[in-house]
Amino acid sequence: HLFVLCEKWIRMRLIKYILWAIVILYLQILVAPRLAIAGAEPNLIVPFIIFISSMAGANSSLTISFFLGMSIDILNPEMFGLNTLIYIILSYLVIRIHPSVNNKQMMLVALSILMLNLIYLLMFLISYFILSNITVQFFVNMLISFVYNSLFSFVAILFLAFLDKLHFKIYD
């Protein structure tokens, strides 16, 4: 009987994360461009992938990361597949490093978020370097984006962790 309850709880949690992924995708497309600072648009999907990869199982988080990446790549066909690849790599890295990171040590969590955002930035810089010309202004915009997204990711992950702890009563 306990096994059935655990399985049901895991399934409900997965459904919750899938619904969150859909909301995050819509927010990324519709709201994030309005939150841009100095041309740097916040990436709402990266902190969500970091969060989901630390909370859900490997199969679930990699699958959600894949579909989020494909959804963004459909909107940006000249770099098709890049977001999918980067999101899957980030998810995999979080899955691998999460057990060694104690969530109560905020400095270590913040450093991990910073490193994951740096990896994201470097992967984009390498791909843009290969596929197009990088100007000084582009590089400056990417650095602003890195700082903005690192701070945004930290706050977003704290908010997602808070939401994840809330329990809504569906029935009486």
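**Digging into the nonpolar core**
Right, so step 1: Formed by 35 residues in total, the largest nonpolar core has its most connected members in Y17, I45, F48, I64, L68, L90 and Y120.
Right, so step 2: Elements supplying a minimum of two residues to this core: α1 (2-30), α2 (45-55), α3 (58-75), α4 (82-97), α5 (106-131) and α6 (136-165).
Right, so step 3: Discounting chain neighbours no more than four positions away, the residues touching L68 are A21, L25, I45, F48, I49 and Y87.

**Observations concerning the packing of aromatic side chains**
Right, so step 1: Taken as a whole and assessed by the stated rule, the structure comprises 6 aromatic pairs.
Right, so step 2: The interplanar angle of 65° and the centroid separation of 5.7 Å between the aromatic rings of Y17 and W20 together place this pair among those described as edge-to-face. Pair noted here: Y17 and W20 are both in helix α1, with a separation of 3 residues, about one helical turn.
Right, so step 3: Classification of Y17 as buried rests on a relative accessible area of 1%.
Right, so step 4: Aromatic pair Y17 and F51: ring centres 6.1 Å apart, planes at 90°, arrangement edge-to-face.

**Here's the deal with the packing of α2 against α4**
The geometry of a pair of packed helices is captured by two quantities: the angle between their axes and the separation between those axes.
Right, so step 1: Packing of α2 against α4 leaves a shortest axis separation of 8 Å and a crossing angle of 40°. At the point where α2 passes α4, the crossing takes the right-handed sense. When α2 is examined against α4, the residues I45, V46, I49, I50, S53 and S54 are found in contact with a partner set consisting of Y87, L90, S91, V94 and I95.
Right, so step 2: Of the residues contributing to the contact of α2 with α4, the split by class is 8 nonpolar, 3 polar and no charged.

**Concerning α4**
Right, so step 1: Taking 1.5 Å per residue, 16 residues should reach 22 Å; α4 reaches 22 Å between its end C-alpha atoms and fits that length.
Right, so step 2: Burial in α4 covers these residues: L82, N83, T84, I86, Y87, L90, S91 and V94.

**A closer look at the environment of M70**
Right, so step 1: Here M70 is to be found in helix α3.
Right, so step 2: With relative accessibility at 22%, the residue M70 sits in the partly exposed group.
Right, so step 3: The residues touching M70, leaving out its near neighbours within four places in the chain, are F80 and T84.

**Things to note about the confidence of the model for the protein**
Right, so step 1: Model confidence for the protein is summarised by a mean pLDDT of 80, while 86% of its residues fall at 70 or above.
Right, so step 2: Ranking the helices and strands of the protein by mean pLDDT puts α3 first, with 90, and α1 last, with 78.

**Quick look at the side chain of S153**
Right, so step 1: On the secondary structure map, S153 appears in helix α6.
Right, so step 2: Sequence-distant contacts of S153, that is, excluding residues within four places in its chain, are made with V46, P47, I113 and N117.

**With respect to the packing of α3 against α4**
Right, so step 1: At their nearest, the axes of α3 and α4 sit 7 Å apart, and the two run at 160° to each other. Considered as vectors, α3 and α4 are oriented roughly antiparallel to each other. Here α3 runs over α4; the crossing is right-handed. Contact residues: A58, S61, L62, S65, F66, L68, G69, M70, I72 and D73 in α3; L82, N83, T84, Y87, I88, S91, Y92 and I95 in α4.

Basis of the calculations
Residues numbered from 1 in each chain as written. Predicted model: local features only at pLDDT ≥ 70, side-chain atom pairs only at ≥ 80, totals over all residues. Heavy atoms only, no water. Core = buried A, V, L, I, M, F, W, Y, C linked by side-chain atoms within 4.5 Å. Buried < 20%, exposed > 50% of the residue type's maximum accessible area, 1.4 Å probe, protein only. Helix = DSSP H or I, 4+ residues; strand = E, 2+ residues; numbered from the N terminus. Contact = heavy atoms within 4.5 Å. Phe/Tyr/Trp six-rings, centres within 6.5 Å; stacked < 30°, edge-to-face > 60°. Axes fitted to C-alpha atoms, helices over the stretch in contact; angles between N-to-C directions. Left-handed = near helix turned anticlockwise from the far one by under 90°. Nonpolar A, V, L, I, M, F, W, Y, C, P; charged D, E, K, R; others polar. Expected span 1.5 Å × (residues − 1). pLDDT = per-residue confidence, 0-100. Parallel < 35°, antiparallel > 145°, perpendicular 65-115°, else oblique.

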